[in-house]
Amino acid sequence: MDFLGKKAVLIGGSGGIGREIALGLAGAGADLTVHGGSRSPRFDSLMEDIAALGPRRGDGPRSMVFRITPDVDALLSSPVYAAVASADILCVCFGPFLQAPLHETSPEDWERIVFCNYTLPGILVSASLPGMMERAWGRILLFGGTGTQEAAASRTNPCYAGAKTGLSSLVKSVAAEYAPRGITCNALLPGFTDTEYLTAEERDALARKIPGGSLIRPRQIAEAALFVLGHPEINGALVNIDKGWKS
Ligand SMILES: NC(=O)c1ccc[n+]([C@@H]2O[C@H](COP(=O)([O-])OP(=O)(O)OC[C@H]3O[C@@H](n4cnc5c(N)ncnc54)[C@H](OP(=O)(O)O)[C@@H]3O)[C@@H](O)[C@H]2O)c1
C-alpha cells in the first residue's frame, strides 16, 4: 500500500482505533494531520512515532487539538474544518457511544450523540468533497457501530445506533454519487474493541459478550482500514469487523 504524498486527515486519530490507523497510514507514506480531543503525552508520543516512520512528501506530520461539542459554528471556525478541505484521505474515527434506553436519553444526549456520530461526519464529508473532486481522487473512511449496516432495533443503545445507521446511508450516497470522480467512501463497523479508553472491568464484561471471548484489537481494525483505503474497487462497503456477532 502506498499513499506517498497523499494528505490524510484523521479526526479522532490520537487514540483508540484512530491511533492505529494513523500509524498504518504513516507507514504507507501518507502526509498526516492527526486530530485529538486533548493534548497529552500519549498524543505527543504518537506524533513522534509517526515522524519516525520515515520520509514523506509534504511538511507533516501535523497534530491539532479541538474539543468537539454539538456546535456547528464552533466546528466551522475550527482547524478541523479547515484541514479537511485539502484532504485526499479523510478518516472520521471519533464517535462517542451512549448506552441508555430511550426513556433515559436526555435532549442533550440526543444532540451530542447525533451531532458527533452523524452531523459531524456529514459536514466533514461535504467539506472534503470539492477538493477531492478537483483532484479526481479521494478516500473517505467512516465508522459505524456494531451491526448498524441496516435499520434494526436496539434496546441498549438506540440513540447511538440510529445515528450510526444514518451514517451507513451516507456512505452509500457518497459512493453512488462520487465514484465517477475517483472518490470512494466506506465504513468499518467494529465489534467491541480493546482500546485504552476501557477500564479493566469494562474489558472483561465486553469480552464475555463477543464470540470467542476476546475483544478485537485496534490493529486488526487498522489493517482492514488500510486494505479498504488501498482498494478503490471497494466503494460503498459497510464492513463488519465483529467476529460475526452482529453480521
Ligand atoms: N471501541 C469500540 O469498541 C467500538 C465499537 C463499535 C464502533 N466503534 C466506533 O469506532 C470509532 C472509533 O472508536 P474508538 O473506540 O477508537 O474511540 P472514540 O472515543 O470514538 O475516539 C477516540 C478519539 O476521539 C478523540 N475524542 C474523544 N472525545 C473527543 C471530543 N469531545 N472532541 C474531540 N475529540 C475527542 C480522542 O482524543 P482524546 O483521547 O484526546 O480524548 C481520540 O482521538 C467510533 O466511531 C466508534 O463509535 C467503536
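In this report, the structure presented in the accompanying data block is examined. (Residues numbered from 1 in each chain as written. Predicted model: local features only at pLDDT ≥ 70, side-chain atom pairs only at ≥ 80, totals over all residues.)

1. Some details on the overall build of the chain
Note the following rule: Only DSSP runs of H or I reaching four residues or more are called helices, and only runs of E reaching two or more are called strands; each is numbered from the N terminus. With C-alpha atoms as the basis for the radius of gyration, the globule rule is written as 2.2 Å multiplied by the number of residues raised to the power 0.38. Put simply, a residue is buried when 20 or more other C-beta atoms lie within 10 Å of its own C-beta and exposed when 12 or fewer do; between those, it is partly exposed, and each C-beta is set from the backbone. Any residue pair is listed as a contact if its two C-beta atoms, each placed from the backbone, are within 7 Å.
A count of helical and extended segments in the chain gives 8 helices and 7 strands. For the chain, whose C-alpha radius of gyration is 17 Å, the value lies close to the compact-globule estimate of 18 Å for 247 residues. Projected onto the principal axes, the alpha-carbon positions of the chain cover approximately 50 × 35 × 35 Å. Among the 247 residues that make up the chain, the fraction classed as buried is 42%. Within the chain, contacts between residues at least 6 apart in sequence are counted, and of these 73% link residues at least 24 apart.

2. Thoughts on the site of the ligand
Operational definition: As used in this record, a residue near a molecule or strand is one whose C-beta atom, placed from the backbone, is within 6 Å of it.
Taken together, 26 residues lie near the ligand, and Gly12, Gly16, Gly37, Ile68 and Gly95 sit nearest. Looking at the shell around the ligand, the element that brings in the most residues is helix H1 (residues 16-27), giving 3 residues.

3. So, helix H8 (residues 218-229)
Defined as follows: Multiply 1.5 Å by the residue count of a helix minus one, and that product is the helix's expected span. Directions from the helix axis toward the C-beta atoms define the arc.
In this model H8 runs 16 Å from its N-terminal to its C-terminal C-alpha over 12 residues, within 8% of the 16 Å that 1.5 Å per residue would give. Taken together, the buried positions of H8 are Pro218, Ile221, Ala222, Ala225 and Leu229. All buried residues of H8 lie within an arc of 100° about the axis, which places them on one face of the element. Against the buried residues of H8 lie H1, strand S4 (89-92), strand S5 (138-143), strand S6 (183-190) and strand S7 (238-241).

4. A closer look at unusual backbone geometry
Despite not being glycine, alanine 136 shows a phi value in the positive range, around 55°. Inspection of the secondary structure assignment puts alanine 136 in the loop between helix H5 (107-135) and S5. Phi at lysine 243 takes a positive value of approximately 60°, unusual for a residue other than glycine.

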